[in-house]
Amino acid sequence: MPAPQKTASDTVFLGFTFFMGCELTGSYLDDDIDVVVSGVPFDLSTTERPGARLAPDAIRQASTHLAWEVNRWPWDFNVFDQLRVVDCGNLRFDPTAREQMNTQLRLHAGHLLEAQKVMLTLGGDHSITLPLLREYAKKHDSISLIHFDAHTDTEMEPDRISNHGTVFYEAVKEGLLDPERSVQIGIRTDYVRDSHRFRVLDAAWLMDHNPAEIISEIRRVVGNNPAYLTFDIDCLDPAFAPGTGTPVIGGLTTGLALKIIRGLVGCNLIGMDIVEVSPPFDHSEITALAAASLSLEFLYVLAAGRKAR
Ligand SMILES: [Mn+2]
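These remarks concern the structure in this document. Since the structure is predicted, the reported quantities are computational estimates derived from the model, not experimental observations.

Spatial ordering of the open sheet is given by E2-E1-E3-E8-E7-E4-E5-E6, a layout of 8 strands whose pairing is parallel. The outermost strands of the open sheet, each flanked by one partner alone, are strand E2 (85–90) and strand E6 (199–202). Strand-to-strand twist of the sheet, defined as the mean angle between neighbouring strand axes without regard to direction, takes the value 15°. Where strand E1 (residues 35–40) meets E2, 4 bridges bridge the pair, whose relative direction is parallel. Following the sheet pairing, Val36 is matched in E2 by Val86. Each of strand E4 (144–148), strand E5 (183–187), E6 and strand E7 (227–232) is contacted by helix H8 (residues 211–222), which is oriented at about 170° to E6, the strand it contacts most.

Structure follows, in structure tokens:
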């Protein structure tokens, strides 16, 4: 008799849940593993409302709603036939110690990247992307950022302590990214335009262009450069993602976000994260489900790109 198909909900009733049911057995450094999902429950760098430390588990829980779809629309394959994905749980650190989180995350990422794994990281606030980029930059001479967000996160007040709004100012300053080959999508808050050289496709620009034009502009900027995808859930309109610390109206629908993400097949994706989901402000898992669905879509895009190669 064939073994019953495993679903994410197999673990729900045990009181712990893996992203898409991708249970870790053995080591996450095993040769046959392609993608490692990690949670970073950290929100000490939020400038407004905290809560993102609770996101990794909320996203895993919401992913149980997605596990039944063997042939996920509109793809013609099952991602888990193409990629071996495991969820290694949450990083451990003292939640009040930012430097400890940085150190632990860098060590973790260093091990995974050394073992040629692709990381899918569930934040956490956006500050978790900086230690990740520091490790990625050791492996790649040039990295493009594909950055979905309502905010550019390029604040540069000299006296301001690092926070979730300074991440990409610091990343560029440290030479971790190639800003001219990086793109920010969905921006709709004030920023100092001279402070960085990213290509900004702001929310109003997105409304004036169709999805094919948007995708083509992203691909033009990024080209074949190794690309790190970071998705701040507040890129979505609060109607589609109320559960976040710094909501801004006038954002993307989940439908448009999916459409754009699916247009990235063939980009040279080296890693991805999804950040800033804040479950205490969520309703009916709207935001967590959006984050889980987008994360799953990242995996499809990665798999489809590898299949085409
Ligand atoms: Mn943001």
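Picking up after the structure, the text goes on.
The next subject is helix H9 (residues 254–262). Every buried residue of H9 is listed here: Ala257, Leu258, Ile260, Ile261 and Arg262. Looking at the buried positions of H9, the neighbouring elements they touch are E4, H8, E7 and helix H10 (286–308).

The protein atoms that coordinate the manganese ion are Asp149 (OD), His151 (ND1), Asp232 (OD), Asp234 (OD) and Asp234 (OD), at distances spanning 2.1 to 2.6 Å. Positions of the donor residues of the manganese ion along the chain correspond to the pattern D-x1-H-x80-D-x1-D. Taken together, the residues His151 in the loop between E4 and helix H6 (167–173) and Asp232 in strand E7 connect sequence positions 81 residues apart. His151 sits in the buried class, given a relative accessible area of 14%.

Our focus in this paragraph is the nonpolar core. Formed by 62 residues in total, the largest nonpolar core has its most connected members in Ile146, Ile218, Phe231, Ile233 and Leu294. The element contributing the most residues to this core is H10, with 13 residues. Apart from the residues within four sequence positions on either side, Ile233 is in contact with Ala241, Gly243, Thr244, Ile274, Val275, Glu276, Val277, Thr287, Ala290, Ala291 and Leu294.

The rules behind these values
- Residues numbered from 1 in each chain as written.
- Predicted model: local features only at pLDDT ≥ 70, side-chain atom pairs only at ≥ 80, totals over all residues.
- Heavy atoms only, no water.
- Pairing = 2+ DSSP bridges.
- Helix = DSSP H or I, 4+ residues; strand = E, 2+ residues; numbered from the N terminus.
- Axes fitted to C-alpha atoms, helices over the stretch in contact; angles between N-to-C directions.
- Contact = heavy atoms within 4.5 Å.
- Buried < 20%, exposed > 50% of the residue type's maximum accessible area, 1.4 Å probe, protein only.
- Donors = N, O, S within 2.8 Å, 3.2 Å for Na, K, Ca; no water.
- Core = buried A, V, L, I, M, F, W, Y, C linked by side-chain atoms within 4.5 Å.

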